[in-house]
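Descriptive structure summary
As a plain string of letters, each chain reads:
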Amino acid sequence: MSPKHSELLDALTQKRSQLSELLLRKNTPVFLLRHAKAFDEYFRNSIEISQVGRALTEKNTPCAIVALGGYGRQEQCLHSDIDLLFLFEKAVPDEAEALVREIVYPLWDIGLEIGHATRSIKECVNMAKKDIEVLTTFLSSRFLCGMSRWYLMLMEQLRAKVFTKQTSKIITKIINGTMARYHYFGASAYLLEPNIKEGRGGLRDYHTMLWIARIKYDLTHARDLEYHGLLSHREYQQLTQALKFVWQVRNHLHHITGRKCDQLYFDHQQSMAKALHIKDQKGQTAVERFLGYLHGHMALINQLFFTFLLELGHKKTIYPKSRSARKTPIKGLVVKKEMLSFSSSEAILKDPSLLIQIFEESARLKIPLRAEGKRLVTEFLHLMNNGFITAKDNLKSFERILFMVTYEFNVLDDMLSTGFLTRWIPEFKQIVHLIQYDEYHLYPVDHHSLRTVQAIKELGTSNGHGTDHLYKAFYSGLKNRKLLHWAALLHDIGKGHSTSDHSQKGAEIVTTILEKKGYTTSQIETVAFLVQEHLLLAKTATRRDLNDETTAILCATKIKDIARLKMLYMLTMADSYATGPKAWNDWALTLLRDLTIKVLRILEKGELVSPQLLQSTEEKKQRVLARTKKQKEREYIENLLPNMSPRYMLAADPDEIFSHAQLFKTLGGNGFVWQVEKLDIPNYRTVTICAKDRPGLFSKFAGALTLGGFDIWDAKVFTWRNNTALDIFGIKAPLDYELETERWEKTHQYLMDALEGRLDLADALQRKMADYRSKRILPKTKPHRVTIDNESSSFFTIIEVYTYDFPGLLFSITDTLYRNEVDVWVAKIATKADQVVDVFYTRSFEGQKIEDEDQENFLKQAILSQIQ
């Protein structure tokens, strides 16, 4: 490296260091431009002093250096790559490699990521014809230095031979690539760990707008989008502000990680909120407020991008299954380019009800609104006075919107983005972009609420995505669906207020909203009830013993009405589906369905029939005996049945009882025997373990299963009168069958060793727990908590443990209970936001409920000491 090149590198390094201070002062757009110009200066000075460059010129083979990608757009983030093209008129000369070594290699030596290519004009054009990614790099190109004529020739040939001849084909390819990108990086702007460049609503959406504008209209600057009417002045200002924030986040992410990074992982989110000086406020943490801002800006970028595409006539590419409509019967509305708009602004002034009718028509015709229509809605929101909001016709329109299903797009999203929805329901504004910082809620509360309404409709229709027949039967038989749909829309409205019980607060807010809308007292009470109790079935199904008669009784007592039960079931399912894949699973759905059916039977019969349950037990015994084929087998079963506890006989069905009797026969002098059964639910297993009862047995079973790598979802503990323990675990197995087989073998050995004293489960799990805890990503934002309930069960003390999951958690808790002379009879593993909720039905070793206050407090502290 020559001394002059060393001076240039030193100057570049010093300038970048100075610019990083500008970045930290939040002046991101200026930083991007000046950062790019710092590199421009280096390359221009380098080519001036280049000996190779001078030699190439003398040989009449001069080179043009072209900036590509983000550097070409002068959007140079802190640690983004520098992409260069060394462009020659015809064949690339041999000396080109020496030129690259002279200019690029010094930058590599100081740790910069520099991408480069050396090509002729013809090669560039041919590659652009074949490869859409190569073509888009030229759409974000900029001449830097050298022979400018080569760059002009390249762009002229690209326009003449590629852009002009294949405009529609290229744009379609770009849009299809966008959809593929969404699929790969995440189709939501609200992902837990969004990719702020490639994800939906990320910077790549903005870049794609620029590419298409350059192909179609030869626009070269972002401001041209406004000048040529592709975006309104307001929209361009919104886009500018959104980009400024996202660029700021990207640059700070580079600064925090010390490298190029576009995925906003959990372990950087709190640091990001701090770097941006965002504080806790109004019950929201700083990181929740930061994510709310980010998701709001990314959602806006995506909305403007889709509006841009729709205005250019690409509806079919985005919504391939949407209908084509020629006209609408509503006076004042028109269909243009297969999208809906107003005939004029004067039409709105004459009839303000068009502001809601356009959304109803959008849902009915299943076609989206034009950008012009959305702009006019926003512009005329002031016409939505009290008379508009209380008008019965407008209310009917809104109800019909709630009922109609549009699979390709959600009309409620347009109502929200235009500001209509928050004007129509002012209380809804409190949950707009409200983030719940956990692993389960993929969406802010506002979009989660809209998705819940969509799920209510889709799950209940024949063409919907749901396969739950009970749901479809309930939905088809529901006479007044509007109350259910209102409850779906407003079920989380209470989260916009700083309160620990959002359900109770939500019921109060819903009452106020529906009173203003003119609904009857009975209707309001039903919706308020659904909002207040929308977590009842899910919590009960996943946290209570469904074989305990009291569980269904308490639910039935609280719900009272069959129609309300059915609506609550549907709301629970839709809420769970709309939350995200980690919030619900087939196992939990099975529990929910079982609970609902039990409560439904109680409400239908109008009484609790314990005598019938006893009769059912006798019938079960006869059905078990009927399965025997030989006299000796029948005698064996007859002798064993009296040893089975009443609670077990009520919980198990005849097939299970017969199977467990056969399992017990094999126990003999073994330490334990087990059987593993596959369920209809993929990758879920039932593991039944039979052993002679002894203190601490359940915790050893749980510890061995965990050490073997199995997730425990449910557990039931039964003790027969002959001192036999029958513990039944619900297990989630790995997808790989061979891996599962290997794990079962290891787990069997772990359990044998633990029972015979050769394995210290606590020590083995402690090592596994330490390794797991060191890898946790999501910060612990909610406190550990232990509650003790003596009211919800007639025979057991229910202990609930709210904490964060780790291998060995179930063992740690149950081992603590055992050491404090507490027996576990049922264990339920459930989830609450980012925490796990382990629920235990317990008794003392003497068979009594734990009702002494001092003992309760001691137990709480003992458990907390194991999980904190």
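This write-up is about the structure you can find in this document. Since the model is a prediction, treat every value here as computed from it, not as a measurement.

1. What to know about the overall build of the chain
Across its full length, the chain holds 41 helices and 14 strands. Looking at the 868 residues of the chain, the share that counts as buried comes to 57%. Sequence separation of at least 24 residues holds for 71% of the intrachain contacts in the chain that already meet a minimum separation of 6. Here the chain contributes 117 positive and 105 negative side-chain charges, whose respective centroids are spaced 6 Å apart.

2. Here's the deal with the side chain of K374
Position of K374 among the secondary structure elements: in helix α19 (residues 371-379). By relative accessible area, which is 17% here, K374 ends up buried. A polar side-chain atom of K374 sits 3.4 Å from a polar atom in the side chain of D414. In contact with K374, not counting residues within four places along its chain, are T307, L369, D414 and T418.

3. So, the pairing of strand β6 (residues 339-342)
Going residue by residue along β6, you find M339 and S341 tucked away on one face and L340 and F342 tucked away on the opposite face as well. As defined by bridge partners, strand β5 (residues 333-336) adjoins β6 across four bridges and the pair is classed as antiparallel. If you follow V335 over to β6, its bridge partner there is L340. Hairpin connection between β5 and β6: a loop of two residues separates the two successive antiparallel strands, and K337 in this loop has a positive phi of roughly 50°.

4. Focus on the packing of aromatic side chains
In this structure the tally under the stated criterion is 30 aromatic pairs. Seen from their ring centres, Y182 and F306 are 6.4 Å apart, and the 15° between their planes marks the pair as stacked. One end of the pair, Y182, is in helix α10 (residues 167-185); the other, F306, is in helix α15 (residues 286-311), with 124 residues separating them in the sequence. Both residues of the pair, Y182 and F306, count as buried.

5. Structural notes on the nonpolar core
Core analysis: the largest hydrophobic core is formed by 208 residues, its most contacted members being F43, F290, F398, F420, W424 and W486. Of all the elements, α15 adds the most residues to this core, at 14 residues. With residues up to four places along the chain from it excluded, the contact list for F398 reads I356, L412, M415, L421, W424, I425, W486 and L489. In this structure, A702, I799, F806 and I867 belong to the second largest nonpolar core, which totals 42 residues.

6. Considering the pattern of salt bridges
Here the structure, examined in full by the defined rule, presents 36 salt bridges. Two residues, E361 and R364, come together in a salt bridge whose shortest N-O distance is 2.7 Å. Taken as a pair, E361 and R364 lie in helix α18 (residues 354-365) at a separation of three residues, close to a single helical turn. R364 gets classed as partly exposed once you look at its relative accessible area, which sits at 37%. The salt bridge partner of R544 is E800, with a shortest N-O separation of 3.0 Å. Residue R544 is located in the loop between α29 (536-543) and α30 (549-559), and its partner E800 is located in strand β12 (residues 797-803); the two are separated by 256 residues in the primary sequence.

7. A short note on a positive patch on the surface
On the surface, a cluster of positive charge is contributed by K122, K129, K161 and K165. Looking at the element boundaries, K122 is found in helix α7 (residues 121-130). Residue class for K122 comes out exposed when judged on its relative accessible area of 61%.

8. Notes on the sheet that holds strand β4 (residues 142-146)
With mixed pairing, the four strands of this open sheet are ordered in space as β3-β2-β1-β4. The open sheet terminates on both sides in strands that have one partner only, identified here as β3 (114-120) and β4. Adjacent strand axes in the sheet meet at a mean angle of 25°, parallel and antiparallel pairs treated alike. Summarising the sheet, strand β1 (residues 64-68) and strand β2 (residues 82-88) pair through five bridges and their orientation is antiparallel. Its bridge partner being in β2, I65 is matched across the sheet by F86. Helix-sheet contacts for helix α2 (residues 28-49) involve β1, β2 and β4, and the interaxial angle to β4 is about 30°.

Cut-offs and rules
- Residues numbered from 1 in each chain as written.
- Predicted model: local features only at pLDDT ≥ 70, side-chain atom pairs only at ≥ 80, totals over all residues.
- Heavy atoms only, no water.
- Helix = DSSP H or I, 4+ residues; strand = E, 2+ residues; numbered from the N terminus.
- Buried < 20%, exposed > 50% of the residue type's maximum accessible area, 1.4 Å probe, protein only.
- Contact = heavy atoms within 4.5 Å.
- Lys, Arg positive; Asp, Glu negative; His and termini not counted.
- Charge placed at Lys NZ, Arg CZ, Asp CG, Glu CD.
- Polar contact = N/O pair within 3.5 Å; in protein donor to acceptor, adjacent residues only side chain to side chain.
- Pairing = 2+ DSSP bridges.
- Phe/Tyr/Trp six-rings, centres within 6.5 Å; stacked < 30°, edge-to-face > 60°.
- Core = buried A, V, L, I, M, F, W, Y, C linked by side-chain atoms within 4.5 Å.
- Salt bridge = Lys/Arg side-chain N within 4 Å of Asp/Glu carboxyl O.
- Patch = residues over 30% accessible without salt bridge, like charges linked within 9 Å, V, L, I, M, F, W, Y side chains within 5 Å.
- Areas by Shrake-Rupley, 256 points an atom, 1.4 Å probe, with all protein chains shown as cover.
- Axes fitted to C-alpha atoms, helices over the stretch in contact; angles between N-to-C directions.

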